[in-house]
Amino acid sequence: FFFSFSISANCFLQRQQCSFVNMVFTRCMTALAAATFATAQVHGWGFDCPVSNATLAPPKNISFLQPGHVSIVMAMGDSITAAFAAKSTVLEAREISWSIGTGTDDQPTLPYFLSQYHNSAEYALEGMSTEDVLPRDITHLPHNDYHPKTDRLNFAESEGAVHRGSLDEQWQFLTEQLPQYKDLDKRWKVLTVWMMANDVCGECNNVMDTTLWSSKMDQLLTNVTSTMNNVLINLVSTLDLSNVHRIQQSKLECKIIHKIIDECGCIDRGNATQLKLLDTNTHALNAENHKIAVKWQQKLAASGRDDVAVVVQGFQEGQGSTLDDTFLSNLDCFHPSTVGHKTLAVGLWNSMLCTKDRANGCGYNISNLKPTCPMPGDVFYTGPDVVPHGPPL
């Protein structure tokens, strides 16, 4: 979720925090301990949906947008989308990032799914991040954690948070990079935004004030809709983070790791009351996502914009109780693993294609890795906001 952490008291000397080198050493040692106890993760999986090679006519408007129409992908977020520790190393495994990485047959991502349906002779599918990288300028995270040559249009920053100005900074990166792609006005784009975790993770003792978060998200949508056309904007909700604590406490090696590192407020060591409030505050931010989507759907309709849609992808709302340790990285029992990124990728894909039963998530379960197979003519959902009923989905 977030690269933010503090080293525990035994990793301080005369009140001075350990150097980054010592931090990496500590994490490598904890990763070694985790590997000693690690549960095997299942990686074998193939995409077996039927794919049509028929050339698609351009959509009349965004309500006709099909997977094969999309030729540019973009993402904003924190260390989840930067894919920090996904491969149980201190690298950002951005090429397998759930919403923006290139992906593979065994490690699907949203762009991977899109690529199965992309058959345009005019435009390649572009924007995906392509390589493992170290977080940039690590002593000043989240600022400037962007590697333009390989991150492409993945602007996520480890430790990124709305209250730290990350949405503003990532928008600046986007405005600098996007003009490099030809025929922007003609091409159909998907922008996926998920930036909640670092804003809510310390909110364990008080009801969260969501005003700043909502204001910044609203400003981002103003920026996007005033400068782009032909774009589907995904606003992604967050699972119940107390389940990360549950998983950590279920494994000895994770308990050991989180006696050494302190990550994200009360998730490591919070009591039941604190964890319940953490989930309540997460639900509050999810609710703000829905309010923002409704507001922008009304604004876009009033201004006659049928080339833009703002859609909450709520496949994680109220979810998490069925997840196990394979969802988390062996490095820190905290960030999503390769399995976690695969799960998130399928969840996003299924949610985007869920058009008839969104309140029940079209039967999707966050622990089910089977992707939806779109039939010819199937479109992405761009209709009115729907709040999921919550588990079980």
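Preceding this paragraph is the structure being described.
Since the model is a prediction, treat every value here as computed from it, not as a measurement.

Concerning the nonpolar core
Met74, Trp98, Leu232, Ile233, Leu235 and Phe380 are the most contacted members of the largest nonpolar core, which has 87 residues in total. What leucine 235 contacts, discounting residues up to four positions off in sequence, is Val193, Met217, Leu221, Asn289, Ile292, Val310, Val311, Val312 and Gln313.

Thoughts on the packing of aromatic side chains
Summed over all chains, the structure comprises seven aromatic pairs. Geometrically, the ring pair formed by tryptophan 98 and tryptophan 194 is edge-to-face, given 5.3 Å between the ring centres and 85° between the ring planes. Of this pair, tryptophan 98 sits in the loop between strand S5 (92–93) and helix H2 (110–117) while tryptophan 194 is found in strand S7 (residues 188–194), placing the two residues 96 residues apart along the sequence. Like tryptophan 98, the residue tryptophan 194 is buried in the burial classification. Their ring planes at 25° and their centres at 5.0 Å tell us that phenylalanine 113 and tryptophan 349 sit as a pair that is stacked. Here phenylalanine 113 is found in helix H2, whereas its partner tryptophan 349 is found in helix H10 (residues 338–353), with 236 residues between them in sequence. Take phenylalanine 113: its relative accessible area is 0%, and that puts it in the buried class. Looking at tryptophan 349, the relative accessible area reads 0%, which means it is buried. Positioned over the ring face of phenylalanine 64 is lysine 60, at 5.7 Å from the centre of the ring. Note that lysine 299 overlies the ring of tryptophan 296, its terminal NZ or CZ placed 4.0 Å from the centroid.

What to know about the pairing of strand S4 (residues 70–77)
Of all eight residues that make up S4, eight are buried, and the element is covered over most of its length. Of the strand pairs in this sheet, S4 and S7 are connected by seven bridges, and their pairing is parallel. Looking at the pairing, valine 73 lines up with valine 190 of S7.

Examining helix H7 (residues 242–249)
Buried residues dominate H7, accounting for six of its eight residues. The elements touched by buried residues of H7 are helix H8 (252–260) and helix H9 (272–302).

Re the sheet that holds strand S8 (residues 231–236)
The pairing of strands in a sheet comes from backbone hydrogen bonds and takes either a parallel or an antiparallel form. Pairing within the open sheet is parallel, and its four strands lie in the order S4-S7-S8-S10. Across the chains shown, the open sheet's two edge strands, defined by having one partner strand only, are S4 and strand S10 (308–313). When strand polarity is set aside, the average angle formed by the axes of neighbouring strands in this sheet is 20°. Pairing analysis gives six bridges linking S8 to S10, with the strands arranged parallel. Paired with isoleucine 233 across the two strands is valine 310, which belongs to S10. Against the sheet, H9 touches S8 and S10, its axis set at about 165° to S10.

Parameters and conventions
- Residues numbered from 1 in each chain as written.
- Predicted model: local features only at pLDDT ≥ 70, side-chain atom pairs only at ≥ 80, totals over all residues.
- Heavy atoms only, no water.
- Core = buried A, V, L, I, M, F, W, Y, C linked by side-chain atoms within 4.5 Å.
- Buried < 20%, exposed > 50% of the residue type's maximum accessible area, 1.4 Å probe, protein only.
- Contact = heavy atoms within 4.5 Å.
- Phe/Tyr/Trp six-rings, centres within 6.5 Å; stacked < 30°, edge-to-face > 60°.
- Helix = DSSP H or I, 4+ residues; strand = E, 2+ residues; numbered from the N terminus.
- Lys NZ or Arg CZ within 6 Å of the ring centre and 35° of its normal.
- Pairing = 2+ DSSP bridges.
- Axes fitted to C-alpha atoms, helices over the stretch in contact; angles between N-to-C directions.

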